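Structural characterization, general
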Amino acid sequence: MNSKYDWEALELEFVTGPEDQSVRSFAAANGIDSWSVVNDQANKREWKRKRAEHHADKRRKSIVAIEDATAEKIAKVKTDALDVIHAAILKMGLDLQDRVVLDYDHSTGKQYQRTIPGQTVTPADLAKLVDKLLVLTGSPSAIQENRNLGLNLNGGDAGSGEVPPTILELLASVAGERGSSSGDVGRATLPGASRARTN
């Protein structure tokens, strides 16, 4: 009885069909009077599980396709933006230079040359430009450096890896002379400089 149906073709149709279609409506749509025969095959061959996996895979592929297209578009926009910025930087470089232009004196009827001064860029302007460039290129805008002298500032014997008491006393006296004992941390002045003003 079951051999008259092409179950592989029916399974493929069910699995790739609408997610909310029931076995009963599927059997009716295919002209099969006894939906229980179809239901037996659906249970035996796990049509519903296969259909869920099929549609989940389609959704995953759709999401990946959207993400790929978005990434490609963002990369294109970044490339276009960098091209525009590059052109602007080149133009800015030209604008920094003085330009000699021909002008016309209406009172005398003669042409003459005059110089148009280039744009002025201050060190602060240049620093801002460099910061923005570092951000655009993904480079760090600040460099942090940590140094460890590897000293243990506890009194100890020579050769023990600890600072001897005589060195500690010398450090304390120098620190006192430089004013660290009388001010906040970070407020000590450089030798020969006037004392930093505190707020």
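Each remark here, short or long, concerns the structure printed above.
Residues numbered from 1 in each chain as written. Predicted model: local features only at pLDDT ≥ 70, side-chain atom pairs only at ≥ 80, totals over all residues. Heavy atoms only, no water.

1. A few points about the overall build of the protein
To keep it simple, the criterion reads: Strands are runs of DSSP state E lasting at least two residues, helices are runs of H or I lasting at least four, and both sets are numbered from the N terminus onward. The rule is simple: take the accessible area with a 1.4 Å probe, protein chains only, and divide by the maximum for that residue type; under 20% is buried, over 50% is exposed, in between is partly exposed. Here, residues are in contact when the closest pair of their heavy atoms is within 4.5 Å. Areas reported as accessible are Shrake-Rupley estimates using a 1.4 Å probe. Residue values count occlusion only from the protein chains shown.
Each helix and strand in the protein was counted, giving six helices and two strands. Counting helices and strands in the order they occur from the N terminus, the protein gives α-α-α-α-β-β-α-α. Classification of the 199 residues of the protein by burial places 12% in the buried group. Residue pairs in contact within the protein that sit at least 24 positions apart in sequence constitute 31% of those at least 6 positions apart. A total accessible area of about 16,100 Å² is found for the protein, and carbon and sulfur atoms account for 56% of it.

2. Side note on the side chain of H55
With respect to the element layout, H55 can be found in helix 4 (residues 47-95). Residue H55 is classed as buried on the basis of its relative accessible area of 9%. Apart from residues no more than four positions distant in its own chain, H55 is found in contact with V15, T16, G17, P18 and E19.

3. As for the nonpolar core
Nonpolar side chains in soluble globular proteins tend to be buried together. In plain terms, the rule: In these notes, a set of buried Ala, Val, Leu, Ile, Met, Phe, Trp, Tyr and Cys residues joined through side-chain atoms within 4.5 Å is what counts as a nonpolar core.
Judged by nonpolar contacts, W7, L10, F14, V23, F26, A27, I32, V37, V38, A42 and W47 together constitute the single largest core of eleven residues. Listing elements by their share of this core, those giving two or more residues are helix 1 (7-16), helix 2 (23-29) and helix 3 (35-45). Among residues more than four places away in sequence, those in contact with L10 are Y5, F26, N30, I32 and W47.

4. Describing the packing of aromatic side chains
In plain terms, the rule: Only Phe, Tyr and Trp rings are paired, with Trp represented by its six-membered ring, and only when their centres lie within 6.5 Å; those with planes under 30 degrees apart are stacked, over 60 edge-to-face, the remainder tilted.
Counted by the stated rule, this structure contains five aromatic pairs. Seen from their ring centres, F14 and W47 are 5.4 Å apart, and the 35° between their planes marks the pair as tilted. Linking F14 in helix 1 with W47 in helix 4, this pair joins segments that are 33 residues apart in sequence. One exposure class covers both F14 and W47, and it is buried. Three or more aromatic residues joined by ring pairs form one cluster here, namely Y5, W7, F14, F26 and W47.

5. Quick look at a nonpolar patch on the surface
Our working definition: Residues forming no salt bridge and having over 30% relative accessible area are the ones grouped into patches, like charges within 9 Å of each other and nonpolar side chains (Val, Leu, Ile, Met, Phe, Trp, Tyr) within 5 Å. Salt bridge, as used here: a side-chain nitrogen of Lys or Arg that lies within 4 Å of a carboxyl oxygen of Asp or Glu.
A contiguous nonpolar patch, built from L96, V121, L126, L129 and V130 and spanning about 370 Å² of accessible area, is present on the exposed surface. Within the secondary structure, V121 sits in the loop between strand 2 (110-116) and helix 5 (123-137).

6. So, the pattern of salt bridges
A side chain of one charge can pair with a side chain of the opposite charge if their charged atoms are brought near each other. Summed over the entire model, instances satisfying the criterion amount to ten salt bridges. Note that K50 and E11 form a salt bridge whose closest N and O atoms lie 2.8 Å from each other. A residue pair is termed long-range when its members are at least 10 positions apart, and K50 in helix 4 and E11 in helix 1 qualify at 39 residues. Across the pair R114 and D103 runs a salt bridge, and its minimum N-O distance is 2.6 Å. Here the residue R114 occupies a position in strand 2, and D103 occupies one in strand 1 (residues 99-105), the gap between them amounting to eleven residues. With a relative accessible area of 38%, R114 lands in the partly exposed category. Among the charged side chains, a network of salt bridges with common partners joins E11, R45 and K50.

7. Notes on helix 1
In an α-helix, one full turn covers 3.6 residues, which means residues spaced three or four apart are oriented alike. Condition: Here the arc refers to the directions that run from the helix axis out to each C-beta atom.
Along helix 1, the positions that sit buried rather than exposed are W7, L10, E11, F14 and V15. When helix 1 is viewed along its axis, its buried side chains cluster within an angular range of 130° and face the same direction. In this structure, helix 1 carries E8 and L12 as exposed residues pointing more than 90 degrees from its buried face.

8. Remarks on the environment of L12
Its place among the elements puts L12 in helix 1. On the basis of relative accessibility, which here comes to 55%, the residue L12 falls in the exposed class. Along the primary structure L12 and R51 are separated by 39 residues, whereas in three dimensions their C-alpha atoms are 9.0 Å apart.

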